[in-house]
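Here's the letter readout for the chains.
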Amino acid sequence: MIDGRKKLKGKISVSGAKNAALSIIPAAILSEEPSIITNVPDISDVRFISEILTQMNVRIRKIGDDTLEIDPKNIKQKPATYDLVRRIRASYYLLGAMLGKFSNASVPLPGGCNFGVRPIDQHIKGFTRLGASCKMNGGMISIKAKKIVGNSVYLDIASVGATINVVLAAVKAEGLTVIENAAKEPHVVDLANFLNSMGADVRGAGTDMIKIYGVKKLKGTSYSIVPDQIETGTYMIAAAVTGGDVTIENIIPKHLEAIKSKLEEIGVKVTEKESSIRVVRKSQLNRCNIKTMPHPGFPTDMQPQISALLALAKGTSIISEGVWDNRFRYTEELKRMGANISVDGKIAVIEGVNSLTGTTVKATDLRAGAALVIAALAAQGKTTIENTGHIERGYSKICKKLSDLGANIVKIDGEEPVLHLQKAL
Ligand code: EPZ
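Attention here is on the structure that accompanies the text.

In this section: the sheet that holds strand β13 (residues 222–224). Each strand in a sheet pairs with its neighbour through backbone hydrogen bonds, running either in the same direction (parallel) or in the opposite one (antiparallel). The strand order across the open sheet built from four strands is β4-β5-β3-β13, with neighbouring strands paired in mixed fashion. At either margin of the open sheet sits one strand with a lone partner, and together these are β4 (59–63) and β13. Across the sheet, the mean angle separating the axes of adjacent strands is 20° when strand polarity is ignored. By the bridge criterion, three bridges tie strand β3 (residues 35–38) to β13 in an arrangement that is parallel. Following the sheet pairing, T38 is matched in β13 by S224.

Let's shift gears to the nonpolar core. By size, the foremost hydrophobic cluster in this structure holds 74 residues, and its most contacted members are I25, V167, V171, F194, L195 and V202. The element that contributes the greatest number of residues to this core is helix α6 (residues 160–170), accounting for seven residues. With sequence-adjacent residues up to four places away left out, I25 is seen in contact with V40, V46, I49, S50, L53, L68 and I70. L8, Y235, M302 and L356 belong to the second largest nonpolar core, which has 68 residues in total.

This brings us to the sheet that holds strand β22 (residues 382–386). With mixed pairing, four strands are arranged side by side in an open sheet as β21-β22-β1-β23. Looking along the sheet, the strands with just one partner apiece sit at the ends: β21 (360–362) and β23 (408–409). Bridge count for strand β1 (residues 2–3) against β22 is two bridges, and the pairing is antiparallel. Note on β22: the bridge partner recorded for I2 is T383.

The immediate surroundings of the ligand are formed by 25 residues, with Q122, S159, G161, D301 and V323 found nearest. Here an oxygen atom of the ligand and a backbone polar atom of Q122 are 2.7 Å apart. Measuring from an oxygen atom of the ligand, one finds a backbone N or O atom of V323 at 2.6 Å. Bound to the protein, the ligand loses 93% of the 830 Å² it would expose on its own. A per-element tally of the shell around the ligand places helix α5 (residues 121–129) first, with three residues. Counting contributing residues per domain, the shell around the ligand is built from domain 1 (2–15 + 227–409) and domain 2 (18–224), each supplying no fewer than three.

Further remarks concern the pairing of strand β8 (residues 140–144). Pairing of strand β6 (residues 104–108) with β8, which is carried by five bridges, proceeds in the antiparallel orientation. The residue bridging N104 from the neighbouring strand is K144, located in β8. Pairing geometry for strand β7 (residues 133–137) and β8, over five bridges, is antiparallel. Pairing of M136 across the sheet is with I141, part of β8. Hairpin remark: β7 followed by β8, antiparallel, with two residues in the connecting loop; positive phi at G138, about 55°.

In the structure shown here, the tally under the stated rule is three aromatic pairs. Geometrically, the ring pair formed by Y92 and Y93 is edge-to-face, given 5.0 Å between the ring centres and 75° between the ring planes. The two residues Y92 and Y93 agree in class, both being buried. For the ring pair F328 and Y330, a centre distance of 6.4 Å and an interplane angle of 40° mean the geometry is tilted. Summarising the burial analysis for this pair, F328 and Y330 share the class buried.

Following the sequence through the fold, G381 ends up in the loop between α12 (366–378) and β22. Residue classification places G381 among the partly exposed residues on the basis of a relative accessible area of 36%. Sequence-wise, G381 and L402 are 21 residues apart; in three dimensions their C-alpha atoms are separated by 17 Å. Apart from the residues lying within four places of it in its own chain, the contact partners of G381 are I2, D3 and G4.

For helix α2 (residues 44–55), built from twelve residues, the straight-helix expectation of 16 Å at 1.5 Å per residue is met to within 8% by its first-to-last C-alpha distance of 16 Å. Taken residue by residue, α2 has S44, D45, V46, F48, I49, S50, I52 and L53 as its buried positions. Just past α2, the residue N57 takes up positive phi, approximately 70°.

What follows concerns unusual backbone geometry. The bulk of non-glycine residues show a negative phi, and the bulk of peptide bonds are trans. Geometrically, the link from H295 to P296 is a cis peptide bond, its omega value of 10° lying close to zero. Topologically, P296 is positioned in the loop between β17 (290–292) and α10 (303–310). Non-glycine residue R5 carries a positive phi angle of around 70°. Within the secondary structure, R5 is located in the loop between β1 and β2 (9–13). Its identity is not glycine, yet N387 carries a phi of approximately 60°, on the positive side. Tracing the backbone shows N387 in the loop between β22 and α13 (389–392).

Analysis parameters
Position numbers for residues start from 1 in each chain and track the written sequence from start to end. Totals for whole chains, interfaces and linings use all residues, but because this is a predicted model, local features are given only for residues with pLDDT of at least 70 and pairs of side-chain atoms are given and counted only at 80 or more. To obtain the side-chain values, all non-hydrogen atoms of the structure were included, while hydrogens and water were left out. Only strands joined by at least two bridges in the DSSP assignment are considered to pair. To qualify as a helix, a DSSP run of H or I must reach at least 4 residues; to qualify as a strand, a run of E must reach at least 2; elements of each kind are numbered from the N terminus. For every element, the axis is a line fit to its C-alpha atoms; helices are fit only across the contacting stretch, and the angle between N-to-C directions ranges from 0 to 180 degrees. Only buried Ala, Val, Leu, Ile, Met, Phe, Trp, Tyr and Cys residues count toward a nonpolar core, and they belong to the same one when joined by side-chain atoms within 4.5 Å. When a residue's accessible area, from a 1.4 Å probe over protein chains only, is under 20% of the maximum for its type it is buried; when over 50% it is exposed; and in between it is partly exposed. What makes two residues a contact is simply this: any of their non-hydrogen atoms within 4.5 Å. For each residue, the test is whether any non-hydrogen atom lies within 4 Å of the molecule or strand; if one does, the residue is near. Between N or O atoms, a polar contact is any pair within 3.5 Å; within protein, one atom must be a potential hydrogen donor and the other a potential acceptor, and residues adjacent in sequence are included only when both atoms are from side chains. Only the protein chains shown count as cover for residues, and the accessible areas themselves come from Shrake-Rupley with a 1.4 Å probe. For the purposes of this description, domain bounds are those given by an automatic or database domain assignment. A pair of aromatic rings is counted whenever rings of Phe, Tyr or Trp (Trp by its six-membered ring) have centres within 6.5 Å, and the orientation is called stacked for planes under 30 degrees apart, edge-to-face for over 60 and tilted otherwise. Under the convention used throughout, the expected extent of a helix is 1.5 Å for every residue step, that is, one less than its residue count.

Right, here's the structure in full:
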């Protein structure tokens, strides 16, 4: 529950990047030796992927608040169980990691957020190019190869998941793999740096051509995950929407360029330092247009959050979603708080309103939940957000971080209210 209209003030530090951790943790199985990974975010998606590996007899030890020791020495190659895999989309990184290690893999079809279909045809195309044969039966994807041989892989879409999965499958391949039209997100670069610290030879990550020279063996390593670009952007927008003054520490300014430039266009003052960024908003919010694109464009994972901000900006803003087919479901919930948004396919038109009003709303996915938190922080009165499990998949300690900044937010544990009518029936 959030009681809105408190200006956020003060300092917070963001956690490690969820979408880097979710590929780096499975990547650790590619060695026979243990690895130490720090700056791991304490979020449920990380707990789920760790649990899946533990079921494969990988020893994972949590050390302190943000460090994992992963020892794959006695790993057993058995397909992960559906009930865990269906909870997170990123379980498909097990395919690339197991293919890279065992030359075969079988994983239940991934689950994840419910916005639009989430195909993996580009992942399969990459694996096939590396010599594997893939088949889907009974909700399982099974991939087999006599051995993984390097090859050229052209991705029809600069898919983050497909890029990462091909890199994972190719690091121990025989020969050279070249990925063209590769994704350039910061978490793709972070995975490449992690693998290279294990002795892999991955070059060009962050550009649209990545070369992977296969190596025989990978050793254990110790590595720190990059700060979360999207978590940082979310708190920048929370500061802006409340008219606050917030400094966010432990960030990489380079990752925030698109978000910073859009916030400045909206009338927010953003000052960056070596590893921190300060967000101050005193004047009114101005409208602007957003087009989400693969990195270095404006991140699609920031689209719901910036739409919540623009719901209160003066004028008409046009949001065009360039990555996903159907990522505007959350606008129905914002409209229940008084926002004026009309959606037509991949375009949303937002007419700014003077204020939003607290009510009960439901999170439909991770970033949709973040958008509802942002709207609630600015709304008049109390907002109750349900299905906050979605939010906890990607935002560690969000209640504490926002309370530390002066927000009036409390987590109400407890069962979903059962409708008495249902009980009666
Ligand atoms: C990753 O998803 C992120 N998830 C998503 O973040 C993020 O929205 C997305 O990248 C884009 O940046 C993780 O990293 C775990 P894609 P991914 O493959 O890899 C289509 C969050 O909030 N496509 O880059 O699944 C696809 O339908 C989550 O943290 C194919 O058609 O995204 C989409 O339209 C939500 N075929 C587009 O490409 C494929 O084989 C981009 O998808 C793969 C993707």
